[in-house]
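Overview (structure and organization)
What follows is the residue order along each chain.
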Amino acid sequence: MKERNLSEIIQERIKLAGARYHCNDNISQFINEEELDLLVDEVAINFQTVLKSLVIDTDNDHNTQETARRVAKMFVKETFSGRYQPVPKVTAFPNMGYKSLYTTGPISIRSTCAHHFQNIVGRCWVGIVPQDEVIGLSKFNRIVHHIAERPQIQEEMTTQIAEALKQYAKTEHIAVVVKAEHHCMTMRGVREHESDMTTAIMLGAFEKDPALKKEFYDICLSMKGHN
Ligand SMILES: [Zn+2]
């Protein structure tokens, strides 16, 4: 009987737990650290067959001899690491009385389009009105990076960021704006270089209070990188 691939074993664990494993789901709880290296090996073997099907002579072409392995490592350890690495640890502190809007950004977005596996590169701004607890400023970057580093579509990424911040920062009032260039638009398809896509999610008071929403957008426009 054929030995099962590690990916099949992992899939089985996920199914047993009744969890989902779409491209933008974090499945770190079903894989341990050593298995990640074995997963890189499996992806490398399979990516090698892709290169072969593309009729690239990886035996004699010095540039592509190690490409399958490099790509596999890049997917698992870097560009899709938000699927395989545990969610960031975030400690919330008691809020000593600041209950107004604060805004942070731009936070870099490095993601991958789930439809074409092309880059999504952009920036994110976050607005928050804290309630009883607050989190450290750098945690916003860590949370956004972790969510971005997966194959996905921008709309779902923006929603995921807003929901995660709501949960970590323990407040209902979250605003997230993502502005990004999609390489599946620039490198292929319509080959349009000037288009960006902007998505925004407004939760709690940001949704209900137009003045707060406007204040957030005005601050975003005054911040670095919003051109
Ligand atoms: Zn795409």
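Everything below is about the structure shown above.
These remarks concern the structure in this document.

Check the secondary structure of the chain and you find nine helices and seven strands. The 227 residues of the chain split such that 40% are buried. Sequence-distant contacts in the chain: of pairs separated by 6 or more residues, those separated by 24 or more amount to 70%. Total accessible area on the chain stands at roughly 13200 Å², and carbon and sulfur atoms take up 53% of it. Of the side-chain charges in the chain, 27 are positive and 30 negative, and the distance between the mean point of each set is 3 Å.

This brings us to the packing of aromatic side chains. Going through the model one piece at a time under the given rule, you end up with eight aromatic pairs. With a centroid separation of 6.0 Å and an interplanar angle of 70 degrees, the aromatic rings of Phe75 and Phe117 are classed as edge-to-face. Here Phe75 is found in helix H3 (residues 67-79), whereas its partner Phe117 is found in the loop between strand E2 (102-113) and strand E3 (119-129), with 42 residues between them in sequence. Assessed through its relative accessible area of 18%, Phe75 is described here as buried. Of the residues examined, Phe117 reaches a relative accessible area of 44% and is grouped as partly exposed. With 6.2 Å between their ring centres and 65 degrees between their planes, Tyr98 and Tyr102 make a pair best called edge-to-face. Judged by relative accessible area, which is 43%, Tyr98 ranks as partly exposed.

Our focus in this paragraph is the coordination of the zinc ion. Protein-derived ligands of the zinc ion are Cys113 (SG), His116 (ND1) and Cys184 (SG), with the metal-ligand distances lying across 2.1 to 2.3 Å. What makes His116 partly exposed here is its relative accessible area of 35%. Residue classification places Cys184 among the buried residues on the basis of a relative accessible area of 10%.

All told, the structure shown has nine salt bridges when counted by the stated rule. The shortest N-O distance in the salt bridge between Lys77 and Asp37 comes to 2.7 Å. A residue pair is termed long-range when its members are at least 10 positions apart, and Lys77 in helix H3 and Asp37 in helix H2 (residues 33-53) qualify at 40 residues. Judged by relative accessible area, Lys77 falls into the partly exposed class, the value being 31%. In this structure, Asp218 engages Lys214 in a salt bridge whose closest nitrogen and oxygen atoms are separated by 2.8 Å. Highlighted residues: Asp218 and Lys214, both in helix H9 (residues 210-222), separated by four residues, approximately one helical turn.

Here the focus is the sheet that holds strand E5 (residues 151-152). Backbone-to-backbone hydrogen bonds join strands into a sheet, with any given pair of strands oriented parallel or antiparallel. Taken in spatial order, the five strands line up as E5-E2-E3-E6-E7 in an open sheet, and their pairing is mixed. Only two strands of the sheet have a single partner each, and these edge strands are E5 and strand E7 (197-202). As paired elements, E2 and E3 share nine bridges and run antiparallel to each other. Residue Thr112 lies in a different strand from E3, and its bridge partner there is Asn119. Against the sheet, H9 engages E2, E3, strand E6 (173-182) and E7, with an angle of about 130 degrees to E3.

Counting 27 residues, the largest nonpolar core has Ile109, Cys124, Phe140, Ile161, Leu165, Val176 and Val178 as the members making the most contacts within it. For this core, the secondary-structure elements that each account for two or more residues are E2, E3, helix H5 (137-148), helix H6 (154-169) and E6. At seven residues, the largest contribution of residues to this core is made by H6. In this view, Ile161 contacts Ile109, Cys124, Val144, Ile147, Val176 and Val178; residues no more than four positions away in its chain are not counted. Among the nonpolar cores identified, the runner-up in size contains 16 residues, and Ile14, Phe30, Leu39 and Val71 belong to it.

Calculation notes
Residues numbered from 1 in each chain as written. Predicted model: local features only at pLDDT ≥ 70, side-chain atom pairs only at ≥ 80, totals over all residues. Heavy atoms only, no water. Helix = DSSP H or I, 4+ residues; strand = E, 2+ residues; numbered from the N terminus. Buried < 20%, exposed > 50% of the residue type's maximum accessible area, 1.4 Å probe, protein only. Contact = heavy atoms within 4.5 Å. Areas by Shrake-Rupley, 256 points an atom, 1.4 Å probe, with all protein chains shown as cover. Lys, Arg positive; Asp, Glu negative; His and termini not counted. Charge placed at Lys NZ, Arg CZ, Asp CG, Glu CD. Phe/Tyr/Trp six-rings, centres within 6.5 Å; stacked < 30°, edge-to-face > 60°. Donors = N, O, S within 2.8 Å, 3.2 Å for Na, K, Ca; no water. Salt bridge = Lys/Arg side-chain N within 4 Å of Asp/Glu carboxyl O. Pairing = 2+ DSSP bridges. Axes fitted to C-alpha atoms, helices over the stretch in contact; angles between N-to-C directions. Core = buried A, V, L, I, M, F, W, Y, C linked by side-chain atoms within 4.5 Å.

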